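Take a look at the letters that make up each chain.
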Amino acid sequence: MTWELHLLLLLGLGLRSQEALPPPCERSTAMESSCTKFRWPSSTKMTSSLWICHWPHLQMKSCRSSVSWPRSTTTASPRNGFRNLSRVTSSLWGRSCSPGPLRTGRTALSSCRRSQMLICVSGRRSYTRSGKSWERRDSYWVMEGLLLSEMASTVKGMLQNFLDLVKTYGHIPNGGRIYYLQRSQPPLLTLMMDRYVAHTKDVAFLQENIGTLASELDFWTVNRTVSVVSGGQSYVLNRYYVPYGGPRPESYRKDAELANSVPEGDRETLWAELKAGAESGWDFSSRWLVGGPDPDLLSSIRTSKMVPADLNAFLCQAEELMSNFYSRLGNDTEATKYRNLRAQRLAAMEAVLWDEQKGAWFDYDLEKGKKNLEFYPSNLTPLWAGCFSDPSVADKALKYLEDSKILTYQYGIPTSLRNTGQQWDFPNAWAPLQDLVIRGLAKSASPRTQEVAFQLAQNWIKTNFKVYSQKSAMFEKYDISNGGHPGGGGEYEVQEGFGWTNGLALMLLDRYGDQLTSGSQLASLGPHCLVAALLLSLLLQ
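About the cut-offs
Residues numbered from 1 in each chain as written. Predicted model: local features only at pLDDT ≥ 70, side-chain atom pairs only at ≥ 80, totals over all residues. Heavy atoms only, no water. UniProt positions renumbered as here; feature names shortened; annotations may be inferred. Pairing = 2+ DSSP bridges. Helix = DSSP H or I, 4+ residues; strand = E, 2+ residues; numbered from the N terminus. Phe/Tyr/Trp six-rings, centres within 6.5 Å; stacked < 30°, edge-to-face > 60°. Buried < 20%, exposed > 50% of the residue type's maximum accessible area, 1.4 Å probe, protein only. Lys NZ or Arg CZ within 6 Å of the ring centre and 35° of its normal.

- Naming follows an unreviewed UniProt entry, where the protein chain appears as Trehalase of Mus spicilegus.
- The protein chain has a UniProt comment under Sequence similarities (unreviewed entry) that states "Belongs to the glycosyl hydrolase 37 family."

## Overview of the sheet that holds strand β8 (residues 364–365)
Phase 1: Spatially, the three strands line up as an open sheet ordered β5-β8-β9, and their pairing is antiparallel. Each edge of the sheet is formed by a strand with only one pairing partner; in this case those strands are β5 (306–307) and β9 (370–371).
Phase 2: Relative to β9, β8 runs antiparallel, the two sharing two bridges. Paired with D365 across the bridge in β9 is K370.

## Concerning the sheet that holds strand β13 (residues 485–486)
Phase 1: Pairing is antiparallel in the open sheet, where three strands are placed in the order β10-β12-β13. Of all the strands in the sheet, just β10 (428–430) and β13 have a single pairing partner and so form its edges.
Phase 2: Alignment of strand β12 (residues 477–479) against β13, held across two bridges, turns out to be antiparallel. Bridge pairing in β13 places Y478 opposite P486.

## Things to note about the packing of aromatic side chains
Phase 1: The full count for this structure, using the stated rule, is 24 aromatic pairs.
Phase 2: Residues F375 and Y400 carry aromatic rings whose centres are separated by 6.0 Å and whose planes lie at 35 degrees to one another, so their mutual orientation is tilted. Taken together, the residues F375 in the loop between β9 and α13 (381–385) and Y400 in helix α14 (residues 393–403) connect sequence positions 25 residues apart. An identical accessibility class is assigned to F375 and Y400; each is buried.
Phase 3: Members of the aromatic cluster, joined through ring pairs, are Y140, W141, W282, F314, Y376, W384, W424, W430, F498 and W500.
Phase 4: Just above the ring of Y241 sits the side chain of R239; from NZ or CZ to the centre is 4.2 Å.

What follows is the structure in structure tokens.
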């Protein structure tokens, strides 16, 4: 090979490296010492602390909080039997969430986090599947269940861990390893704080951490905003966006193999879009498969090119809550600031995402300059978040569900109507998405819309109970295509546990406990029988 050819090759490599995105993580970061002291909640009896390391494994105890459905159920009254059920469930959460011994594995490097706090994550294998030791989007619904189970101190400890992460990194990373630092989680921290304060009236904790909540929202303002022009006016909204190349370290081989299906010049973009999809929590879904000739292939993912309805609804609600928080704390200046931010976002969502004819909000495709009119339960997140100005939107949303034939599904609301083989698509159904629709519809003053909300809750509880009766476990997702089964698809096997499924089940029992039934022949049994059967099932386990 001639020296001229060597020179051309070197120049080509140099140009290519200049165009490449930053790597998924800096090696030096994993070698440095960055230890932060975390707290155990006061409810635990642990006196020693644990060293929890980012590399190669971040070890935390999984919270296997299964709601043990009795074999023969019933209806449950929130006034009496449900309170007893809540206490029994509380003991189960507590037993499942107690700290356990560390799994040793290889010798860890020096980048360690000193954890003195109980971590509740979503399912049995959450800490082994991909190194994730927390899931904030999961934790919101987990906390709802824990609060109903009278475990407020555990929730406070979880919140303190999240707040410490924001103080250390400016946001809550996508998981518990160094290479997740470049990705966030959906912005639910302010919403979780609201649930905790509403339950405990712990305003002192809010006052102590209000600045940290503001810092997390600033992360989204600085790093994840995009301008959209509609009707001749420019609006600022948010998106998921991770501008770092290279395969995901937790799925390196899969991402590297997937990149072989696209031109070499498109691989960095593909890897960055996969990371953005992971940041969204919907990893992966046809919501993001909008960029290639075949919309069923993962290689067509373009997460950052979509303005998601649910992300902006979460931020809209967070801004409203921050305004309320600051008003409660006597800071009128900051309260006004967030009230104005919420008004600006509301106007942007109505101009860009809302579709009056359809009666729902839709993700906006930045490349195509139009809404993605496919069905996803996330299309109704602004209703759940209270981010609307027209009180009739709940009834319009009901018509949208009817027109989309969603109410014909008897076992739950499907995640989409497209079967791509991805886990966030048909026929899978996920607990938090049921909640988005059910609580959204329940905001309506119309008895008919409220009745539909109840019926959707009934469908979901029956599915949970049916699968539990067969498998003796709750699951992260369910296949609702033919009678209800554990879900599937995606990059890993369905997990059992499962935090947010349990949390929503408790929420629905709390709201509709005097009406819900399992559909079994013994549905006439009283709430005390529900508790007795639950205790029996625990003893048998």
